[in-house]
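Residues per chain, in single letters:
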Amino acid sequence: MTTKSNLAPRPWNSPTTGRTQTDFVLLALLFGSVGAISWAIRGTSGWNGIDGTVVPGMAWGVLWYWAARRRGIDVRGVTLWLGLGIAIGGELGYGQYVSWTRGDFYAGGRVLAVSPATGFLWFALVGVAWGALGGIALGWVLNSGVSLHQWLVRLLAPIGVAMLGRMLIQAEPAWFFPLYGAGLYAAQPDARLADAGFLLSPTFMWELWLVGAALVSAVWTFTRKTLRCPRLDHGLCVLSVAYTAFAIVWIGHWLFFPQGNLGLIGGELDDHLSRTVYTNSQNALVVAWWLGALTVAVWQGDRSTLIMGLLIGGGFGIGMPLSAIWCLGYTVAPQYIDWWKIWEMNAGFNLGILYVVALYLAMRQPDKFKCSADLGTATITACGRALASAAGVLLVWIYLYAEDGLSAGIFLGPVYAVVACWFCWRNRHQHSGVVLHEQQQRLTLMFCVFYLLFILLHGATNRLGVFLKLYDEAAVEQYAWPAARLWLFVFLATPLLAATFRTLWLLARTEQTREIPLEQVTRHIAGLVMLVGLVGALTIWPSKIGVIYAALLLIAVTALIQLDHRTPRDCT
């Protein structure tokens, strides 16, 4: 079977595109405005940090797809990882850093003096950590055609560097926790890790990691950097992949959710100190992972991952503390405006521009996005890639809901994994992987849109019910779900689920597919931008700051219309 596509790849700087600078400015306004609104949604009533970060992440992913489609380049396989990569950062905290930028450090009911530079430094680190995962994931997807051995090194080696980072925190806690030498943290000189039992001990974690490293070495020895393992039983490849996935989940949960205060603290701490130990450790460990991933990229000669990781991670590390300067407004006019929302909108705008720069750099090499599952590609290879993608999405959702449970994620990662596996099984007898590859591309884009709408509606019911006077605001505090909110969500989510399952049914029945016309895609994008803007305004209603949301929505829609008018005719 063949697939029909009207996409003819053209690099961004091709003479046929023209007026590149104006397009770049319009895209920056579009991505930045949507990012500002959706980033400010994070952490408001209805969303915690994790769920809320899915919204800007998936929104940028869909906009990436549309912007690349205008240039005749297919990036459907990138959209989902763009969203998931940045969404993991929603677990990372930074709330106490705001008071540090004002020179205030709370401990034991007292307000102690701390250098404001400490607060801005940690804002920079959390900015790097927040952007690191999205940047590295984007680079990996852009350079996905590497050997099994290289993929396993990508996954395992940065975890090892992060484990070394944990050892550094234990050895030099004063480098990571402000005023540590003042005795506020009640440290015991002979303290050990507080993890319960051998299975959560550092020794066992290092043993898990070393076994994984040995398997990676074995795969490299036998496969000699090939994808099809010609001189190695397929069982070893399957074993190495399965073990690496298991080790990443087990070690990663122990590493990036540092319970027991890393064994440094004796006795109970007050909330601010306890949060400082947890948050600073977590942010520092993610930065260590980022450094490990960049080191692997240098060693493997992976320019895509190196550039994207430095651009989005390092760029947000600069933009995050600059945006946080808005919080100093509380010291000047605390009742005038919600300075916290202003800085979050500023941060979302900055990160949106970084994604446009990343898009510009990626589009200069359109060959990276060509379909790799041509007529000569075996179905088993396409199945392997699809299953690897499904496993990756499932592992990400395990991390996303590691602390909050799978209540919101039950229809997300597991459903994607099950559907991807089912498509592989359905096409197992084909001699070519082109049909499976096309189905996987469409499946990825479809689930990206589904995740965005599902999470958007899931959180919007909190404030929408208050707006409609179905229940009082107090009834939905701490993400509570009274019966009226549940029925409201069912009412909103049912059409979404019905449309999603219908699309899946059509995708399963149709082996010969065609691209959706660009005009129709643009209309959908416009509706999506409007929905994000309206939900954003609803989250802070009736605050006067909603006028800023309206202005940003107007900028985004205007930029979208102008870009649509400038789309080359041969893209349609």
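Residues numbered from 1 in each chain as written. Predicted model: local features only at pLDDT ≥ 70, side-chain atom pairs only at ≥ 80, totals over all residues. Heavy atoms only, no water.

Caption draft 1: Main features of the overall build of the chain. When helices and strands are counted, the chain shows 18 helices and two strands. Of the contacts formed within the chain by residues at least 6 apart in sequence, a portion of 80% connects residues at least 24 apart. As displayed, the chain has an accessible area near 24300 Å², and 65% of this comes from carbon and sulfur atoms. (Helix = DSSP H or I, 4+ residues; strand = E, 2+ residues; numbered from the N terminus. Contact = heavy atoms within 4.5 Å. Areas by Shrake-Rupley, 256 points an atom, 1.4 Å probe, with all protein chains shown as cover.)

Caption draft 2: Inspection of the confidence of the model for the chain at higher detail. Averaged over every residue, the pLDDT of the chain is 78; residues scoring 70 or more account for 77%. Confidence, read as mean pLDDT per element, is least for helix H13 (residues 379–400) in the chain (64) and greatest for helix H10 (residues 303–324) (91). Taken as a whole, residues 1–18 scores under 50 in pLDDT and shows 53 contacts with residues more than four places along the chain or in a different chain. Contacts for the low-pLDDT stretch residues 187–195, under 50 throughout, to residues beyond four places or in other chains number 18 contacts. (pLDDT = per-residue confidence, 0-100.)

Caption draft 3: How the structure looks around the nonpolar core. Among the nonpolar cores identified, the biggest contains 155 residues, and Trp64, Trp66, Trp289 and Leu443 are the most heavily contacted of them. Setting aside anything within four residues of it in sequence, one finds Trp289 in contact with Ala132, Leu133, Ile136, Trp140, Pro158, Ile159, Ala162 and Phe256. (Core = buried A, V, L, I, M, F, W, Y, C linked by side-chain atoms within 4.5 Å. Buried < 20%, exposed > 50% of the residue type's maximum accessible area, 1.4 Å probe, protein only.)

Caption draft 4: Representation of the pattern of salt bridges within the structure. Enumeration according to the criterion identifies four salt bridges in this entry. When the shortest N-O distance is used, the salt bridge between Arg71 and Asp23 registers 2.2 Å. One end of the pair, Arg71, is in the loop between helix H2 (49–70) and helix H3 (76–87); the other, Asp23, is in helix H1 (residues 20–41), with 48 residues separating them in the sequence. A residue is classified by how much of its surface remains accessible, and Arg71, at 1% relative accessible area, is buried. Residue Asp23 is classed as buried on the basis of its relative accessible area of 1%. Ionic pairing is found between Lys341 and Glu344, a salt bridge with its closest N-O pair at 3.3 Å. (Salt bridge = Lys/Arg side-chain N within 4 Å of Asp/Glu carboxyl O.)

Caption draft 5: Highlighting the packing of helix H5 (residues 116–142) against helix H9 (residues 271–300). One can describe the packing of H5 onto H9 by two numbers: an axis separation of 9 Å at closest approach and a directional angle of 40 degrees. When the axis of H5 is compared with that of H9, the two are oblique. The hand of the H5/H9 crossing is left-handed. Of H9, the residues touching H5 (which contributes Trp122, Leu125, Val126, Val128, Ala129, Ala132, Leu133, Ile136 and Trp140) are Asn280, Asn283, Ala284, Val286, Val287, Trp289, Trp290, Ala293 and Leu294. Partitioning the contact of H5 with H9 into residue classes produces 16 nonpolar, two polar and no charged. (Axes fitted to C-alpha atoms, helices over the stretch in contact; angles between N-to-C directions. Parallel < 35°, antiparallel > 145°, perpendicular 65-115°, else oblique. Left-handed = near helix turned anticlockwise from the far one by under 90°. Nonpolar A, V, L, I, M, F, W, Y, C, P; charged D, E, K, R; others polar.)

Caption draft 6: The arrangement of the pairing of strand S1 (residues 104–107) in detail. Alternating positions in S1 separate cleanly, Phe105 and Ala107 being buried on one face and Asp104 and Tyr106 remaining unburied on the opposite face. The antiparallel pairing of S1 with strand S2 (residues 110–113) creates a hairpin that spans two residues between the two strands, and Gly108 there sits at a positive phi of about 60 degrees. (Pairing = 2+ DSSP bridges.)

Caption draft 7: Structural context of the layout of surface pockets. In this structure, the second largest pocket occupies an estimated 1000 Å³ of space. If you go around the second largest pocket, you meet 31 residues; those closest to its centre are Met446, Val449, Thr503, Ile516 and His524. Contributing elements (two or more residues each) for the lining of the second largest pocket: H2, helix H15 (434–467), helix H16 (483–509) and helix H17 (518–539). A per-element tally of the lining of the second largest pocket places H16 first, with nine residues. Broken down by class, the residue content of the lining of the second largest pocket amounts to 19 nonpolar, six polar and six charged. (1 Å grid on protein atoms, 1.4 Å probe; cavity = no way out; pocket = protein on both sides within 12 Å on 5 of 7 lines; lining within 4 Å. Points joined across faces, edges and corners; volume = space filled by probe spheres on them.)

Caption draft 8: Quick look at H9. The end-to-end C-alpha distance of H9 is 43 Å, a good match for the 44 Å that 30 residues give at a rise of 1.5 Å each. Burial analysis of H9 places 23 of its 30 residues in the buried class, which makes it a mostly covered element. Looking one or two places after H9, you find Gly301, whose phi comes out positive at around 70 degrees. (Expected span 1.5 Å × (residues − 1).)

Caption draft 9: How the structure looks around the side chain of Thr244. Mapped onto the secondary structure, Thr244 falls in helix H8 (residues 234–256). Taking relative accessible area as the criterion, Thr244 reaches 1% and is therefore assigned buried.

Caption draft 10: Broad picture of H1. Given a rise of 1.5 Å per residue, 22 residues ought to cover 32 Å, and the 31 Å separating the end C-alpha atoms of H1 matches this to within 8%. The buried count for H1 comes to 17 of 22 residues, which makes it a mostly enclosed element.

Caption draft 11: Examining the environment of Ile342 more closely. Residue position: Ile342 is located in helix H12 (residues 339–363). Looking at Ile342, the relative accessible area reads 11%, which means it is buried. Taking the C-alpha atoms as reference points, Ile342 and Cys327, 15 residues apart in sequence, are found 8.2 Å from one another. What Ile342 contacts, discounting residues up to four positions off in sequence, is Trp326, Ile337, Ile545 and Ile548.

Caption draft 12: A nonpolar patch on the surface, seen in detail. Where nonpolar side chains cluster on the molecular surface, the patch consists of Phe467, Leu468, Leu470 and Trp541 and spans about 380 Å² of accessible area. Among the structural elements, Leu468 can be located in the loop between H15 and H16. Using a relative accessible area of 45% as the deciding quantity, one classes Leu468 as partly exposed. (Patch = residues over 30% accessible without salt bridge, like charges linked within 9 Å, V, L, I, M, F, W, Y side chains within 5 Å.)

Caption draft 13: Local environment of the packing of H1 against helix H18 (residues 546–565). Put simply, H1 and H18 touch, their axes get as near as 8 Å, and they point 145 degrees apart. When the axes of H1 and H18 are compared, the crossing they make is left-handed. For the pair H1 and H18, the contacting residues are Asp23, Leu26, Leu27, Leu29, Leu30, Ser33, Val34, Ala36, Ile37 and Ala40 in the first and Tyr549, Leu552, Leu553, Ile555, Ala556, Ala559, Leu560, Gln562 and Leu563 in the second. Residues belonging to the contact of H1 with H18 are distributed by class as follows: 16 nonpolar, two polar and one charged.

Caption draft 14: Examining the pairing of S2 more closely. Two strands pair when backbone bridges link them, and S1 and S2 are joined in this way by four bridges, in the antiparallel orientation. If you follow Phe105 over to S2, its bridge partner there is Leu112.

Caption draft 15: Region of interest: the packing of aromatic side chains. This structure, assessed with the given rule, holds 27 aromatic pairs. Relative to Trp130, the ring of Trp39 has its centre 5.2 Å away and its plane inclined at 55 degrees; by these criteria the two rings are tilted. A residue pair is termed long-range when its members are at least 10 positions apart, and Trp39 in helix H1 and Trp130 in helix H5 qualify at 91 residues. Residue Trp130 is classed as buried on the basis of its relative accessible area, which comes to 0%. Residues Trp206 and Trp209 carry aromatic rings whose centres are separated by 5.8 Å and whose planes lie at 75 degrees to one another, so their mutual orientation is edge-to-face. With Trp206 and Trp209 both in helix H7 (residues 202–223) and three residues apart, this pair spans about one turn of that helix. Above the ring of Trp66, the side-chain terminus of Arg70 is found at 5.6 Å from the ring centroid. We note Arg485 situated over the ring of Trp481; from NZ or CZ to the ring centre the distance is 3.7 Å. (Phe/Tyr/Trp six-rings, centres within 6.5 Å; stacked < 30°, edge-to-face > 60°. Lys NZ or Arg CZ within 6 Å of the ring centre and 35° of its normal.)

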